[in-house]
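Chain by chain, the residues run as shown.
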Amino acid sequence: TGAIGLYNVGQTCCLNSVLQVFLMNIHFTGILRRITVPPHAAQQSKNVPYQMLLLLEEMQCGKRKAVSPINLAWCLSGYRVELFVQHDAAQLFLTVWNLIKRQMKKPELVEELSDLYTICVQEHLTCQKCSFETKRNSSMLTLPLPVLDSNSHMLKTLEDCLQYFFQPEELTDHNMCFCEQCERKTPFLQSMKLVHLPQTLTIHLKRFCFKKSAYILKLSHSLPFPQDLDFNAVLTENQCQADDSEKAAWQYELFAVVAHSGSTSCGHYCTYIRSLTECKWYCFNDSEVCQVSWDDVKCTYGHSNLHWGETAYLLIYMKKHPQ
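Just so you know, these numbers come straight off a predicted model, no measurement behind them.

What counts as what
- Residues numbered from 1 in each chain as written.
- Predicted model: local features only at pLDDT ≥ 70, side-chain atom pairs only at ≥ 80, totals over all residues.
- Heavy atoms only, no water.
- Core = buried A, V, L, I, M, F, W, Y, C linked by side-chain atoms within 4.5 Å.
- Buried < 20%, exposed > 50% of the residue type's maximum accessible area, 1.4 Å probe, protein only.
- Domains from an automatic or database assignment.
- Helix = DSSP H or I, 4+ residues; strand = E, 2+ residues; numbered from the N terminus.
- Polar contact = N/O pair within 3.5 Å; in protein donor to acceptor, adjacent residues only side chain to side chain.
- Contact = heavy atoms within 4.5 Å.
- Arc of directions from axis to C-beta.
- Phe/Tyr/Trp six-rings, centres within 6.5 Å; stacked < 30°, edge-to-face > 60°.
- Buried area = accessible area lost by both parts, 1.4 Å probe.
- Salt bridge = Lys/Arg side-chain N within 4 Å of Asp/Glu carboxyl O.
- Nonpolar A, V, L, I, M, F, W, Y, C, P; charged D, E, K, R; others polar.

With that settled, consider the nonpolar core. Membership of the largest hydrophobic core comes to 57 residues, with the highest contact counts inside it found for Phe22, Phe28, Met52, Ile100 and Tyr117. Looking at which domains feed residues into this core, each of domain 1 (1-118) and domain 2 (143-166 + 199-322) supplies at least three. Grouped together as the second largest cluster of nonpolar side chains are 42 residues, Cys240, Val257, Ala259 and Trp294 included.

Put into structure tokens, the structure is as follows:
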């Protein structure tokens with residue numbers, strides 16, 4: 001089936017979940033297969049893309065239900081991705097992605113990797129006194145969506161989270177900015193507009209929040225997310241800074257869900273992935289892989305009364321009609 005598990009080699013459930021999201025993505029593996037192989041064994045053992053390629057080939061060529069990612073795990077440990085500690089899936093995704101990009105030698109592959117994952121936005125700052133405006137383009141690898149609004153009210157759906165993320169925010173009182181025209185600090189309106197969405201879109205649901213006591217709280221309330229997501233139907237014209245041809249490709253289908261169960265101090269990750277070749281959902285729980293239904297995936301919506309239950313943390317969507 002192509003659905004092969006990964007053994008847990010030292011609290012690596014988070015790493016295994018992130019790796020499955022990369023290696024089950026045929027757009028990513030198409031890039032990975034064209035990397036330059038380091039010439040020496042010492043370089044090969046320290047090269048993250050090469051070790052990922054070896055793991056992919058072992059997963060695809062073997063006849064076992066699961067393989068060990070120990071060589072890749074040891075490789076990553078040389079870049080401060082430690083074994084035998086709990087990791088955060090959103091942070092680990094960014095760490096692994098950046099290591100892959102940094103160690104790919106072919107410029108065209110680096111560009112393809114960036115195009116595959118990078119989100120582009122335009123940040124606007126407007127003075128509320130004189131209307132002086134500054135604009136700045138920036139890029140990100142994940143959309144970090146809050147699941148609470150500014151009044152700590154729970155947002156009810158993924159679409160609500162997206163609308164809130166791109167909603168303008170007033171910067172007043174101690175948050176005021178210095179205006180070059182007014183030559184003093186003034187109230188500003190801060191907004192973010194969407195410019196470009198990639199083939200593989202990674203959404204980070206900010207389920208973990210810091211309390212004043214420095215205690216990290218997990219927000220487990222229900223937050224439904226759709227199988228099909230059209231950004232044109234979610235965002236307003238004022239929240240977008242893109243032409244019609246770009247916006248025409250903003251229709252997505254859910255590809256994977258990285259889910260967290262347990263508490264912030266004692267948790268476990270697994271991943272639900274829709275095979276791009278079979279169009280079937282699988283649950284990857286370390287070495288155990290089984291076919292599941294969409295109803296099983298929906299169990300990761302969360303529930304306020306099940307703080308230890310399985311809750312979606314990363315959502316990965318794929319473009320339906322790539323340009």
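Mapping Thr271 onto the fold places it in strand E15 (residues 267-274). Judged by its relative accessible area of 0%, Thr271 falls in the buried class. Separated by 3.3 Å, the side chain of Thr271 and the backbone oxygen of Ser17 make a polar contact. With residues up to four places along the chain from it excluded, the contact list for Thr271 reads Ser17, Val21, Val257, Val258, Tyr282, Cys283 and Phe284.

This part covers helix H5 (residues 70-77). Helical geometry: 3.6 residues make up each α-helical turn, so side chains three or four residues apart lie on a common side. The complete set of buried residues in H5 reads Leu72, Ala73, Cys75 and Leu76. For H5, the arc enclosing every buried residue in end-on projection is 160 degrees, short of the 170-degree limit, so these residues lie on one face. Opposite the buried face of H5, at more than 90 degrees from it, the exposed residues are Asn71 and Trp74. Packing partners of the buried residues in H5 comprise helix H1 (13-23), helix H3 (41-45), helix H4 (48-61) and helix H6 (89-103).

Before going further, it helps to spend a moment on the packing of aromatic side chains. If you walk through the whole model with that rule in mind, you get 13 aromatic pairs. Ring centres 5.0 Å apart and planes at 45 degrees place the aromatic pair Phe22 and Phe28 in the tilted group. Each member of the pair, Phe22 as well as Phe28, is classed as buried. A centroid spacing of 5.1 Å and a plane angle of 85 degrees characterise the contact between Phe165 and Phe166, whose relative ring orientation is edge-to-face. Under the relative-accessibility criterion, Phe165 is labelled buried at 17%.

This next bit is on the domain arrangement of the protein chain. Many authors give the size of an interface as the accessible area that is lost as the parts come together. Its domain assignment divides the protein chain into domain 1 (1-118) and domain 2 (143-166 + 199-322). Distance between the C-alpha centres of domain 1 and domain 2: 22 Å. Opposite the 29 residues of domain 1 that make contact, domain 2 presents 30 residues. Taken as a group, Val21, Met24 and Gln86 account for 22% of the area that domain 1 buries against domain 2, more than any other trio of residues on that side. Scanning the region where domain 1 abuts domain 2 turns up one salt bridge. Ionic pairing is found between Glu288 and Lys65, a salt bridge with its closest N-O pair at 2.8 Å. Taken together, the elements giving at least two residues each to the side of domain 1 that touches domain 2 come down to strand E1 (5-6), H1, helix H2 (26-32), H6 and helix H7 (107-117). The dominant element in the side of domain 1 that touches domain 2, judged by the number of residues it contributes, is H1, at six residues. Tallied by class, the residues present in the side of domain 1 that touches domain 2 amount to 15 nonpolar, eleven polar and three charged.

What follows concerns the side chain of Ser138. Within the secondary structure layout, Ser138 lies in strand E4 (residues 133-140). Separated by 2.9 Å, the side chains of Ser138 and Glu123 make a polar contact. Among all residues touching Ser138, those that are not within four sequence positions of it are Ile119, Cys120, Val121 and Glu123.

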